[in-house]
Every structure is written in C-alpha cells, then in structure tokens.
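Chain residues, written in single-letter form:
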Amino acid sequence: MSNTNRKQAALNYHSMGRPGKIAVVPTKPTNSQRDLSLAYSPGVAEPCLAIAENKEDAYKYTAKGNLVAVISNGTAVLGLGDIGAQAGKPVMEGKGLLFKIFADIDVFDIEVDTKNVDEFVNIVKALEPTFGGINLEDIKAPECFEIERRLKEEMNIPVMHDDQHGTAIISGAALINACEIIGKDISKVKIVVNGAGAAAMSCTAMYISVGASKENIVMLDSKGVIRKDRENLDGMKAQYATDRDIRTLADAVKDSDVFIGLSAADVMSAEMLLSMAPNPIVLAMANPNPEIAYDLAMATRNDIIMGTGRSDYPNQVNNVLGFPYIFRGALDVRATSINEEMKIAAVRAIADLAKQPVPEEVNQAYNTNNLKFSEEYIIPKPTDPRLITEVSMAVAKAAIASGVAKTVIEDWDQYSDALRKRLGKDDAIMRNLTMAAKRDPKRVVFAEADNYKTLRAAQIVKEEGIAVPILLGRKDKIERLIKEYAFELDGLEIIDPVAEVDGETERSKKFIEHLYIKRQRRGISKYDARKLMYDRNYFGASLVEFGEADTLISGMTKNYANTIRPALHVIGAKPGSRVAGMYMMLTKKGPIFMGDTTVNEDPTAQELADITLLLDKAVKRMNIQPRIALLSYSNFGSSEGKTPTKVRAAAQILHEQYPDIIAEGDLQANFALNSEMLTANFPFSYLNGKSANTLVFPNLESGNIAYKLLQEVGEAEAVGPILLGMNKPIHVLQLDSSVREIVNMVTIAVVDVQTHLKNL
C-alpha cells in the first residue's frame, strides 16, 4: 500500500460518518418525561445529596468506578514525537477504544496543552472526582517520570503511565518465558537494553523485579553505552551506568544473552546478532520496524527466540495484553493505586497464560491446530479471551493482598463470570475470523468488480492479506476505475466473461458444456447455456466449480434470487443437504445467528429441522456453542395453529434424532432471548437457564423481517447472508452492501473455504 493511499485510508476511517472513534452512550432509559426528570432535575438531586454526605457513593450513583481518563500533552506521540496536545487526540481516542473493546472500560480522552510539569500535575489532580483511574499517555521523558511519581503520591485513584509500564509488563512476561524455554536462569543472563527513554527505564526496572541481576544489564542511549565516566549523566541513567570497557552496541551485544530494543529500526546488524551467546533472546520492539528485521534475524540464527512489536510475526509485544486488564482489576476492587505488586502479578499472569492449552478459537484465529508454549509462542495472543479473567483477577488479588483495595472480592468464581459477561463475543468474533483468514488466504471471485465499493473492498482484503481477489466484469471499466481511484490492484487477475464467451476460449467452452450437461434435463439447451455464461455469476460459479477459484462473492447489485440461482445451477447443494441462508447479527449482547432468512419460503417441519442442523454446524464452526430457539407466536403449545404445530414438530424431530443439539421450541422471541423470563416460566427448557443465540424462523417472511428490523432499529451489524449447504463455498452480499460489509463477507467466505477443505 503506497503512503498516499495509506494516508487517505486513515483519514477516511477517522472522518467517515460521525468523526472520531468514540462516543458517549446513555446507560439509563430516557424515553419518557419521568425518565428525564429522574436523570436530571429534580431527581438528580437525590444522588447528589447522597454523595455530599459520603463521597464513596460516587461509585454507586455515577460512572466514576468504570471511567478512566487517557491524558496526554502530546509531547511523545507514538513515532511522531512532540506534535502537540490537539494533534495527539486521535491516538488518545484510539487508546480509549482499546480500553472499551478489550475490558469494557469507559474513557474520556483529555489533551492538556501544557509542557509545564506543575501545571500538568495540578490539572490532572483536579480531575480526581470525575475518574476511577488515570492512564497517562505519550508524555516525553524525563518529565513523564516526575509527573507519574507526583500523581501517584498525591492522588487516591490508580495512575499508570502505560508507555513505561505496559511495555515493561508484557516484555517482562516474554523474558521470563523465553528464559524458561531455553533453560537459562534469568538471574544470570546478560541483558543489553538499547534505548534509555521512559519505556526502557521501566522495562529494566521490571526485569530486575522479576529476577534479573542489575549487574548483568548494560543500557545504551543515542550516544552509545551509558558509562559511569560520562559527564552530566542524569540520575535515571546513572543507576544503569557501567564501568566495563564497552562503548558501542556491537561491543555491548557480544556474548550477551538478551537484546531489548526500545530504540530505532535496523540498528542491529546480522554480525551483531551472530556475536551473541548461544540461544539468544531478542525483543526488538521499535515500531513500526524493529531494530533488526524478523526475517533477517531468523535467517541469521536458528537458535534465536525473537519478539517484535509487530502483529505479522510471532511473539508480538503488544501493550493491549496488559493495560485494559490491569485497570479492569484495579477499578473492580477500587484500588487507590497501581503498585509494583499489581504490575508483577500482571507479568506472572500473562506469562502463565502462555503455558496453558490454547483455546480453539485462538488456534482458529491464527489458522493453526498446535499453538502451544514454544519459541514462537512465549506470550498470549491479543485475541485470547482468557486475558480479561486471568490478568484482571491476578491484579485484583494483588491489590487486595498489598492493602490498596477498598473493596474485597469474596466470590472469585462469580467475579470471573462477571468479567466474561462484560464483553459480548461479537467484539472478538470478526477479529478472530479475520486472523484465521489471513493465516491462509484464498482466491475469491468478486463478481461485480466494475463497481467502486467492490474494488475498494478488494483492495482492503488484498492489503490485509485476507484473500486473493479475482476481478470479474468489463475489463476496460475495471481498469478505468482502478486508475481513477488510484487503487493498488496490480497483479490481480481480471476476467471479462463476455470477452471469454465471445472469444470461445477453452475455459468458457468447458464451463458452457458443464452447465449444459448438468441442466439439459431442466430445460437448458446448449444455446441457453452459452447465453447464461455471459452472466458473471454463472461464470464466477464455474470458476469455483472447476477449482480456478476457491469461493465467489456477489449480490451487491442484483437481487438475491438472481445471485443464488447460478450457484445452484452450476454447483448445487451438498448431496443429501438443502440450502439455507443465515445472518450473523453483531449485537451489544453478543452475536445472534438467524436463519433461514433468505432461501426457504415456507419450510415443512422436516425442512425446519434440516435448516436447524445447518445452522448448528455453521455456528459451531465459529467456535460458539449454539443454543437454538425455534420461534413461533406460541410457547410450548400455548397457542394452536399451523405455524406453532409445525415448529413443535420440528423441535420433536431434533430431540428424537439429534439429542446432543441444544434446541428448543416452539418459543416466542422474547422468551428465547430473555433467560430470566424463560427460567421463571419454563424451567424445564432445554436451554437450561441461558438465552438463545441461534434463532430459527418458521418461514422466510418472518426471518427476513426480523433481521432487517434488528439491523435498523436495534443498531446491530449484519454479516451475511451466509449461504449454508452448498457443495462448494459461495456467498451472497446484501443489495447495496457497504465496503465494510463486503470485507466481512469475504472474511467469512475465506474461513468457510478453509473449513470446507479440512473436511474433504
């Protein structure tokens, strides 16, 4: 991706729709005058008076207990340096976004326009009544040390400068595990820290806290090795100064066991790496490019354990493994600070988690079956759903044990359940599917490639490594659009079905003959087959059928029937199966799967059972246990009629023939989705006190209406329709899909192909 396109894509992302990345959302009803009178005047006076009597009640009546301030003065923003407070705001919003999606912590980002330490400290101190915690961000050294020290001393809520401690915590876990794998004693390893900024200082202190020896550590800054004989050496650097006769990085790394890079790209050469001790550990964390390129390092030595800050290589040292969960644990016990004990507890929890069996959904996200504690897996992946429980609980326990917690958790099992419930899997499911797709991208036919949105989606999935697009349509128009919008789609195959058929290519003749033979007894002549092959959906489906592509995406500019019919004619359903459509609705309460929403108009009881089986298998492929409700306007026979009778019969078929499937019906939708109502009224239900996550509708009409209502009124994101039961993976887009929806469907399609190939 060129710098120009990357720049424009980033600007578009931040400006599209509502500018920025975060918003304030009401958490209480506001529909009536009574609601408003309680939310504000006069009702709001009561919690105000309660808090005036007891300040601790702010945690009971306001959002303070789940609210963190991300505060910066913009003096050390990412790799951009001192760009000012306002220019750093997009980064602070992004940090807030990560807090929310990984730990359900609300955030206000605050950009303070001062470089004066006293002013900065006084401003932040004055905000203590508002927030439950303070995350300091992107403040340059050495001021950041003094700011954090003073705020920790003078405030009674958790304060942490993540640029210092986040990297220290994650790399500390990585160092512990890497030493264990190679069998070296952390107290004896020789460590070189290249960099002397805030992160480097905190990392070095953390390594000593977890067992490294200070005498075995050498630190370098931009002037070289920090030596005791250097003039005007500040106090922070002086504590790591050496009197050894070494001056350069090449001198320092010779015979060392560990290299910690917190500096700049490409400062470490292959020769330097070769000079290190056997089984070296290299954590090269400069962003976006490490101190030594991963590929170069791995080609130079085969006994290396390496981590970087990048997500496209193993062992990514990513702060998101730490800060959301550290604050989550601190907030939940109302800690007055984030102390050393809590940080070390986070280090140990992260390190220990990497040694546990990896959940299948993480394996799937990285398209592997054997992700396990090893040289290429020394710290957990950011998509690991156990981070919120393991790290948050460890931090909370350390806060209680060290005496800084105002609230003591008695039931840790209950707390663990509460943590898991904080995040609906909808936030994780598309990220996990995207990771899975990127590990083994497939060839995807874009049947409507002479369309701007389709080409934009094709560029995204190509850049992200999700898929290899094959572009179908008028070649001249596609090339004109590519040039007009400066799409970077060089090297992709462009196929014009009309030109292929008119030119009587061998490929088109093969496709026509296949369609004719398959449909000749269904009213299609050889002439008809040739005419149909002009249609890009017939041609695209034929590419998949003959193995020249892996899957097909189409439907954005045609109605559903005209898109699915060619696939059925060319490829058809799996033997003994029927075809159905499913939508995955990404809601605030987690994903809800809905079917059949697109294919079967008025299925019989047996056909409903068959559709249910298709949905059950599809949801399980996403590593989610389906809890299925067969919907009607009746609850367990409370009403009679054609529809509830049919639905009950379908449920009976499933109970008798497939007893392992968790399915219930007939059920009304509100009971299916409200576990408390269901348990209170129908405790015998097979859903066993849990709400349904997979809904089967009695006919196409109800299913189609329901998902569209949920999409528009419920503000759920629709992913689909996901076509089930086809002999080869084919997927259909909604009419006039957005670029995001196309990318999501391509991701689903690639993962579907991966699953299909595994099951052959």
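Here, the structure is the one placed above.
Worth saying up front: this structure is predicted, and the values here are computed from it rather than measured.

Enquirer: How should I be thinking about the overall build of the protein chain in this particular structure?
Expert: For the protein chain, the helix and strand inventory stands at 32 helices and 21 strands. Against the 2.2 N^0.38 benchmark of 27 Å for 760 residues, the protein chain shows a C-alpha radius of gyration of 29 Å, consistent with a compact globule. Along the longest, intermediate and shortest principal axes, the C-alpha atoms of the protein chain span 95 × 65 × 50 Å. Each of the 760 residues in the protein chain was classed as buried or not, and the buried ones make up 54%. Across the protein chain, the fraction of contacts at a sequence separation of at least 24, relative to all contacts at a separation of at least 6, is 70%. Working note: accessible area of the protein chain is about 33900 Å², and carbon and sulfur atoms make up 51% of it.

Enquirer: Would you mind showing me how to read the pattern of salt bridges here?
Expert: When charged atoms on two side chains of opposite charge get close, those side chains can pair. Applying the stated criterion across every chain, the model contains 45 salt bridges. The closest approach of N and O atoms between Asp82 and Lys115, which form a salt bridge, is 2.6 Å. With Asp82 in the loop between β1 (67-72) and α5 (89-103) and Lys115 in the loop between β2 (106-111) and α6 (117-126), the pair connects residues that are 33 residues apart, well separated along the chain. Overall, Lys115 belongs to the exposed group, its relative accessible area being 54%. With a closest N to O distance of 2.8 Å, Asp162 and Lys95 form a salt bridge. With Asp162 in helix α8 (residues 162-182) and Lys95 in helix α5, the pair connects residues that are 67 residues apart, well separated along the chain. On the basis of relative accessible area, Asp162 is assigned to the buried category, the value being 1%. Note on Lys95: relative accessible area 7%, which makes it buried.

Enquirer: I'm lost on unusual backbone geometry in this one. Help?
Expert: Peptide bonds are, in most cases, trans, and in most cases residues other than glycine have a negative phi. The amide bond that connects Asn287 to the next residue, Pro288, takes the cis arrangement and shows omega of 5 degrees. Within the secondary structure, Pro288 sits in the loop between β9 (281-284) and α13 (294-300). Between Gly665 and Asp666 the backbone carries a cis peptide bond, its omega angle lying at 0 degrees. Looking at the secondary structure, you find Asp666 in strand β18 (residues 663-667). Positioned with a positive phi, Asp255 is a non-glycine residue whose angle comes to about 65 degrees. What makes Asp255 partly exposed here is its relative accessible area of 46%. Located in the positive-phi region is Asp266, a residue other than glycine, with phi close to 60 degrees. Among the secondary structure elements, Asp266 is positioned in the loop between β8 (258-261) and α12 (270-274).

Enquirer: Sorry, what's going on with the pairing of β1 here?
Expert: Here is the key point about a regular strand: its side chains alternate between the two faces of the sheet. Summarising burial for β1: 6 of the 6 residues are buried, a large majority. A crossover connection joins β1 to the parallel β2 through α5; in handedness this β-α-β unit is right-handed.

Enquirer: Would you explain the layout of surface pockets in this entry?
Expert: Empty space among the atoms can be located by rolling a probe the size of a water molecule over them. The volume enclosed by the second largest pocket comes to roughly 540 Å³. Surrounding the second largest pocket, 22 residues form its lining, Lys574, Leu614, Lys617, Arg621 and Gly725 being those nearest its centre. Of all the elements in the fold, those that place two or more residues in the lining of the second largest pocket are α27 (605-621), β20 (717-724) and α32 (739-758). Considering every element that reaches the lining of the second largest pocket, the biggest residue donor is α27, with 6 residues.

Enquirer: Sorry, what's going on with the nonpolar core here?
Expert: Ranked by internal contacts, the top residues of the largest apolar core, which has 102 residues, are Ile71, Ile134, Leu136, Ile191, Met342 and Ile379. Sorting elements by how many residues they give to this core places α8 first, with 10 residues. In this structure, Ile71 is in contact with Ile110, Val112, Phe120, Val124, Leu127, Ile134, Asn135, Leu136, Glu137 and Ile139, ignoring residues within four places of it in sequence. By size, the runner-up hydrophobic cluster in this structure holds 62 residues, among which are Phe446, Leu471, Met584 and Ala650.

Definitions and limits used
- Residues numbered from 1 in each chain as written.
- Predicted model: local features only at pLDDT ≥ 70, side-chain atom pairs only at ≥ 80, totals over all residues.
- Heavy atoms only, no water.
- Helix = DSSP H or I, 4+ residues; strand = E, 2+ residues; numbered from the N terminus.
- Rg over C-alpha atoms; globule rule 2.2 N^0.38 Å.
- Buried < 20%, exposed > 50% of the residue type's maximum accessible area, 1.4 Å probe, protein only.
- Contact = heavy atoms within 4.5 Å.
- Areas by Shrake-Rupley, 256 points an atom, 1.4 Å probe, with all protein chains shown as cover.
- Salt bridge = Lys/Arg side-chain N within 4 Å of Asp/Glu carboxyl O.
- Right-handed = clockwise from strand over helix to strand, strands pointing away.
- 1 Å grid on protein atoms, 1.4 Å probe; cavity = no way out; pocket = protein on both sides within 12 Å on 5 of 7 lines; lining within 4 Å.
- Points joined across faces, edges and corners; volume = space filled by probe spheres on them.
- Core = buried A, V, L, I, M, F, W, Y, C linked by side-chain atoms within 4.5 Å.

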